[in-house]
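# Summary of structural features
Listed below, chain by chain, are the residues.
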Amino acid sequence: MTFVQLIDCRTSRFDEMNRLMDTWVEQTKGKRTATHSVIGKDLSDSSHFVEIVEFPSYEEAMRNSNLPETDKIFREMVALCDEMPTFTDLEVVRDEQLYAENARRFFETIGTKGELPPLDGLIAQDYHDHDPANEQDTIGMDAMRREIEMWRGGFDFAFHVEDQIADGDRVCTRWSWSGTQTGDFMGLPASGKRATMTGTTVFRCGEDGKITEGWWQYDRLGLMAQLGALEGLEQ
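Reference entry: report on the structure contained in this document. A quick note: this is a predicted structure, and the numbers were derived from the prediction, not measured.

Attention shifts here to the nonpolar core. Nonpolar side chains tend toward joint burial in soluble globular proteins. Counting 33 residues, the largest nonpolar core has Phe106, Ile123, Trp151, Trp177 and Leu223 as its most contacted members. Contributing elements (two or more residues each) for this core: helix H4 (98-110), strand S5 (123-130), helix H5 (141-154), strand S7 (155-167), strand S8 (170-181), strand S9 (194-205), strand S10 (211-218) and helix H6 (220-226). Counting residues per element, this core draws most heavily on H4, at five residues. With sequence-adjacent residues up to four places away left out, Ile123 is seen in contact with Phe106, Met141, Met144, Lys210 and Ile211. Listed in part, the 15 residues of the second largest apolar core include Met17, Phe49, Val53 and Leu80.

All right, on to the packing of aromatic side chains then. Tallying each qualifying case throughout the model produces 22 aromatic pairs. On the basis of an interplanar angle of 80° and a centroid distance of 5.7 Å, the ring pair of Phe106 and Phe107 is categorised as edge-to-face. You'll find Phe106 and Phe107 in the same group, each marked buried. Summarising the aromatic geometry, the rings of Phe159 and Trp175 are spaced 5.0 Å apart at their centres and angled 85° between planes, so their arrangement reads as edge-to-face. With Phe159 in strand S7 and Trp175 in strand S8, this residue pair connects regions lying 16 residues apart in the sequence. Comparing Phe159 with Trp175 shows no difference in burial state: the two are buried. Within the aromatic cluster, the residues linked to one another by ring pairs are Phe106, Phe107, Trp151, Phe155, Phe157, Phe159, Trp175, Trp177, Phe185, Phe203, Trp216 and Tyr218.

Another point: helix H3 (residues 68-80). In this model, H3 (13 residues) spans 19 Å end to end at C-alpha, consistent with the 18 Å of a helix rising 1.5 Å per residue. Inspection of H3 places Glu69, Thr70, Ile73, Met77 and Leu80 among the buried residues, and these make up the whole buried set. Along the long axis of H3, the arc covered by the buried residues comes to 90°, so they all point the same way. In H3, the exposed residues that point more than 90 degrees away from the buried face are Pro68, Arg75 and Ala79.

Pairing in this open sheet of six strands is mixed, and the strands run S6-S5-S10-S9-S8-S7 from one edge to the other. Edge positions in the sheet fall to strand S6 (138-139) and S7, since each has one partner strand and no second. Set on the sheet, H4 makes contact with S5, S7, S8, S9 and S10; between it and S7 the angle comes to about 170°.

Attention now moves to the pairing of S8. By the bridge criterion, 12 bridges tie S7 to S8 in an arrangement that is antiparallel. Bridge pairing in S8 links Val161 to Trp175. Bridge analysis of S8 against S9 gives 11 bridges, and the strand direction is antiparallel. Bridge pairing links Thr173 to Thr201 in S9.

Here is what the cut-offs are and how they apply
- Residues numbered from 1 in each chain as written.
- Predicted model: local features only at pLDDT ≥ 70, side-chain atom pairs only at ≥ 80, totals over all residues.
- Heavy atoms only, no water.
- Core = buried A, V, L, I, M, F, W, Y, C linked by side-chain atoms within 4.5 Å.
- Buried < 20%, exposed > 50% of the residue type's maximum accessible area, 1.4 Å probe, protein only.
- Helix = DSSP H or I, 4+ residues; strand = E, 2+ residues; numbered from the N terminus.
- Contact = heavy atoms within 4.5 Å.
- Phe/Tyr/Trp six-rings, centres within 6.5 Å; stacked < 30°, edge-to-face > 60°.
- Expected span 1.5 Å × (residues − 1).
- Arc of directions from axis to C-beta.
- Pairing = 2+ DSSP bridges.
- Axes fitted to C-alpha atoms, helices over the stretch in contact; angles between N-to-C directions.

So, in structure tokens, the structure goes:
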């Protein structure tokens, strides 16, 4: 079970403390057991800081605390604080998996009826998209919006997420897609035909949870066949 420790402190010497933490990271390389650490500053109190440290388990956290380097750094950190820091030990009972949730929201959002909602909260401004059906990669928020609008202009469609696997900064989603051709698409006039396809997308996410890169695999040839684009070739 994942274990999280909150370290709450007040200091007017954060720059010195930050350098101290860099020293600890260097000294404990290959020894420390923390898997993730983030420090936040209170927006209403510039001297108030909270560090959130994640460990695979309580036992691993104790191993980390018992390192001689940790004890030394702790005593030096206390000297830089305006008052004694407090520690809160938390056993994680629920993890929303931000990356996977944002990937799911992306598929829901691009299939939304009406005007395409803003994507700023989902993908990065320098998003990089790899689609084997396109001659060139799609790079940037604006270019990705144009790509999405091309699909939305051709179809009234929706995605259904079948499976998701998250590992590190990657999220792999197996999805199914269904749509009705309501407009021109790849040179084909609106046909009113119903089409379906399946595919897989791997997204890479940044630390803020936004999607920064995507790799798509899907059966566009099968889609075009359902729309009647290959009928002349089959004769």
